Each structure stands twice: as structure tokens, then as C-alpha cells.
Protein chains: 2
Amino acid sequence: MLSRGLPQGAVPKLERPGPLRERVYEALLELITTRALRPGQHLVESELAGHLGVSRQPVREALQRLNTEGWVDLRPAQGAFVHEPTEEEADQLLTVRTLLEAEAARLAAAHGGPSGVEALEELCVKGERAVLADDVDGAVAANAEFHAKVMELAGNAVLAELAAQVDRRVRWYYTPVARQRGKQSWIEHRELIAAISAQDERRATDVMRAHTEHTRRTYHERERG
Amino acid sequence: MLSRGLPQGAVPKLERPGPLRERVYEALLELITTRALRPGQHLVESELAGHLGVSRQPVREALQRLNTEGWVDLRPAQGAFVHEPTEEEADQLLTVRTLLEAEAARLAAAHGGPSGVEALEELCVKGERAVLADDVDGAVAANAEFHAKVMELAGNAVLAELAAQVDRRVRWYYTPVARQRGKQSWIEHRELIAAISAQDERRATDVMRAHTEHTRRTYHERERG
DNA sequence: CGATTGGTTATTGTCTACAGTTTACCCATA
DNA sequence: TATGGGTAAACTGTAGACAATAACCAATCG
């Protein structure tokens, strides 16, 4: 046995490149979310392949996945187009997001132990510090971490998977908006922690619902920037 | 113009083959859901390709999609394996299903008009007839139609998409169970229609939640067949 | 002058071939 | 007999080539 001498976490996990399609997928997702590839734009496989220095095959596979996840529309015999978000769809996504996050909050209140609450508090502190320091990117990142942690405490992998997808797309739609409401958001997070800590499922659900609904209203009022 | 002489609906819409990957995808999904391909089984691309009379490429693309939707696990450099459902995962899926269906019921109660209620009643009659005639397959189909209709009335495409995926996987897990509870199910459907008709969001939610939770309990008690 | 038809080009859909990895088996050896 | 290495087979990952299809544009006919 070689158990001895291999301190559990210290294994370097030697960086394997992994399947190309994965990296292409992430690259394209990055390009889409950063608006480098604009909505409605026609994505030509050979161009992307050449630009990324790979063959068409991995690009195709990445596009297929992006299609099933709603990032691109794959018209048969015509190619891939970056999905064009409509007002209606954004609203529907926000509705679903509210639903999933609220349920996650409920489950977190039900099954989340003291250690989970502690982790949430740490993340909350981190986010509040970022807000005070005017570190917008840091605050956004902390926010994502916070929600991810709540989802983790919920202990429902299926729910987490769906929420992750919906969240990313929501973020795509209203990225510019997200930066506005920084401080208020963390106050609400505090309330959520309190509810989870008290194992008050009902209150956790309501707080989270109010929280995400709040961002939804912010979205709809963004016109008059 | 040749509009004249081409009676609008009479055009046979000649069957376009469509992308091969689509047909391969559907074929594989059929094979999986019917248990022809057993959970845990190693799917060899070349075998499937030969068996379906196509090359490996469409098979690969179909497998990728099945992977993102949770039907197969795609281990790098090793291939595709039919996903093995665990007890825990089935439970999580049922939880999420309850959540999504309940929300759909609420939205249906909110936005669904009288015409929608009428359509639901028709489907309900259809299902009840099937039950009385001991037409199990017919009852199951009508049940699916009923839920799909509720989802349609909800008018949220994103929600519908997620629910469709979750529903199919749920059905995969507890297909044998579903056949049992026929009659009771349609009584509950009647209650749901009443709630939607009254535009009582709260009651519609509760009824649907009770309904799906009921099937969940049936699932967990299936051992002692 | 407009509509339609035919050709042209660019892009996707599919197939075949090759390289890289993993797995399993077999044999040699302590 | 158990262990270790080494080899071989099978499969996946990637690349490149070919065929098919759809959009685009010009030329022709009414």
C-alpha cells in the first residue's frame, strides 16, 4: 500500500489537458458571455476552428453542447447562431431562477448544519468587504460563491445543475445591471443566513424569493440607466 | 403565384430526413428508456454505428447530447456508459419535478383562460376513459398530455424545457410504478382543473404538489411490489 | 420591369483514416 | 504463488477529405 506518504490533498493532480471539446466549449462560452461574439452572429465552424488552432470536430461538439444549453441556436444545414435573448425569455429565466433558488434556500434551512452557516457567514464577510472596497468584480464573484454555497448546502445535485445553467444565462442577460445593487444585496444575504441558521424553511424561502425578485425588478427598470 | 391549387394543409410535408444525429439521438434514447441498453453498460461508438448503419460521427454527437442531459456518463478517453440511477438521485429528481410542476400549475391558474380549462377537461375525460377501459398505455399517454398541457398554459418556455427533461428521466426511473396508480391520479387532476378554473394560484400549487408528492411516495414504497 | 430559373460559392453533414491512451492479458521472476 | 513489467488489442480523440445542401447572384423570359 502506498497510502502512507501521499497526504490526501497534496497530490498535484497533474494537469491533464482533457478533451479538446471541453476547452473549446469553455472558450466559446467565454466569448459569448463577454459579448465578443454578439447575439445573432453567425458562427462558422471553420473560422472558429482556425482561430482556436484546432480542427472543426471539437468545435462542432462544443457547438452542439452550447445548443442544448441554450447559448446558440443550431439551424440545420445552416450553422450556429448566437442566441438572441428576448425580453420575454429573460423574464422567464428570472422566474425560474427565483423558483430554484428559493427551493435551494428551503432545503439549506432544512439540512444545512452549523458548519454550513459558518461558511456562509465567511462568504458574506468577504462580499461585504469587497463592497466597501468598491471592488465590483470581487463583489460579483463573492455573490456567485454565496449562492453556490447555499445550493451546496441544499444537497440536491439535480437542482444544483439546473440552477447553475439558469444562473449563468441570467447573468449573461443582466450583467450590466448586477453591478448596481451591491450593498442592499448583502443585507438580504444576512437575513437569509439567519433564517437558515434558525432552520426556518418558510422564512428562508421567502427571503430568497424576495431577494431574487428584487434583482428581477432591477432588471426591468434598467432602461432608464 | 401558385398558391391556387395547393390546398394549404394538404401538402404531405414530405418527410425530410433531417440531421442524422437527431435520429441517432432519438434511437439511442429509445433504446435506453426501454432498457434495451442497460444502466452501466459500456456503449462502444463503433458498435452502435455499425448497428445503426451510420458512421461514428453522428453517434458521437448524439452521445454528447445524451451526456449533457444526464442519460449517459461520458468518461474521458474511456467512452460512454449508460447512467446508473441511484436511489438518492431519483429522489432529487422527484423533488425538482414537484417544484417545477407546482409552479407550472400556479402559472396556469394565473394566466390560463377558459379555453385552456376546456382543453384540460377534454384530456381528463380521455384519461378517465382509458382507465375505465383498462388501457394502461393510453392512460399513461393521456397523463403525459395532461401535464404537458398544464405546462403549456403556464406559458413559460424555459420552465417547460426543464420540466420536460426532468419528467422524461423521472419516467425512466419509475415506469413500472406509474402503472399502479391510475384512478386516484385522475381524481386529483379534476381538483387541479377546478383550482385553475377558479384562478386560485395557491390551491393549484398545493394540489399539484400533493399530486406529484403522491407519486413520489408511491415510488419509495415500490419495493414490496 | 419583375419574376423565375439556373449556376456558383460558401458552409454544413458525413465518412475515412490516423494518432494517443487506456485496459487487459501474459509471461518472467522473486 | 504473487508481483512486476511489458506487450498487444481495443477504443477514443482528432484531423482531414468528400458529398450534399442552402443561400446568393446574375441572366433570361414573360
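None of these values were measured; they are calculated from a predicted model.

Cut-offs applied
Residues numbered from 1 in each chain as written. Chains lettered and ligands numbered in written order. Predicted model: local features only at pLDDT ≥ 70, side-chain atom pairs only at ≥ 80, totals over all residues. Heavy atoms only, no water. Helix = DSSP H or I, 4+ residues; strand = E, 2+ residues; numbered from the N terminus. Buried < 20%, exposed > 50% of the residue type's maximum accessible area, 1.4 Å probe, protein only. Contact = heavy atoms within 4.5 Å. Areas by Shrake-Rupley, 256 points an atom, 1.4 Å probe, with all protein chains shown as cover. Expected span 1.5 Å × (residues − 1). Phe/Tyr/Trp six-rings, centres within 6.5 Å; stacked < 30°, edge-to-face > 60°. Lys NZ or Arg CZ within 6 Å of the ring centre and 35° of its normal. Buried area = accessible area lost by both parts, 1.4 Å probe. Salt bridge = Lys/Arg side-chain N within 4 Å of Asp/Glu carboxyl O.

(A) Broad picture of the overall build of chain A. Counting its secondary structure elements, chain A contains nine helices and three strands. Ordered by position from the N terminus, the helices and strands of chain A form the series α-β-α-α-β-β-α-α-α-α-α-α. For chain A, the residues scored as buried account for 43% of the 225 residues in total. Look at the contacts in chain A between residues 6 or more apart in sequence, and 76% of them connect residues 24 or more apart. Per element, the accessible surface of chain A, about 12200 Å² overall, is 51% carbon and sulfur.

(B) Quick peek at helix 6 (residues 136-154) of chain A. All names here are of chain A. Taking 1.5 Å of rise per residue, 19 residues should cover 27 Å, and helix 6 covers 27 Å from first to last C-alpha, within 8% of that figure. Residues Ala139, Ala142, Phe146, His147, Val150, Met151, Leu153 and Ala154 constitute the buried set of helix 6. One or two residues past the end of helix 6 sits glycine 155, with phi positive at roughly 70°.

(C) Examining the packing of aromatic side chains more closely. If you walk through the whole model with that rule in mind, you get six aromatic pairs over all chains. Judged by centre distance (6.0 Å) and plane angle (75°), the rings of phenylalanine 146 of chain A and tryptophan 186 of chain A are edge-to-face. Placement of the pair is phenylalanine 146 of chain A in helix 6 and tryptophan 186 of chain A in helix 8 (residues 183-197), with a sequence separation of 40 residues. By the ring-pair criterion, three or more aromatic residues cluster together here, those being Trp71, Trp172 and Tyr173 of chain A. Over the ring of tyrosine 25 of chain A we find arginine 65 of chain A; its NZ or CZ atom is 3.9 Å from the centre of that ring. Looking at arginine 75 of chain B, its charged tip hangs above the ring of phenylalanine 81 of chain B, at a distance of 4.0 Å from the centre.

(D) Up close: the interface of chain B and chain A. The partner chain A presents 26 residues to the 26 residues of chain B that form the contact. Interface of chain B and chain A: buried area, both sides summed, is about 2300 Å²; carbon and sulfur atoms make up 59% of it. Among the residues chain B hides against chain A, the three largest losses belong to Gln92, Leu99 and Val158 of chain B. Together they make up 22% of the total. At the junction of chain B and chain A, the tally comes to two salt bridges.

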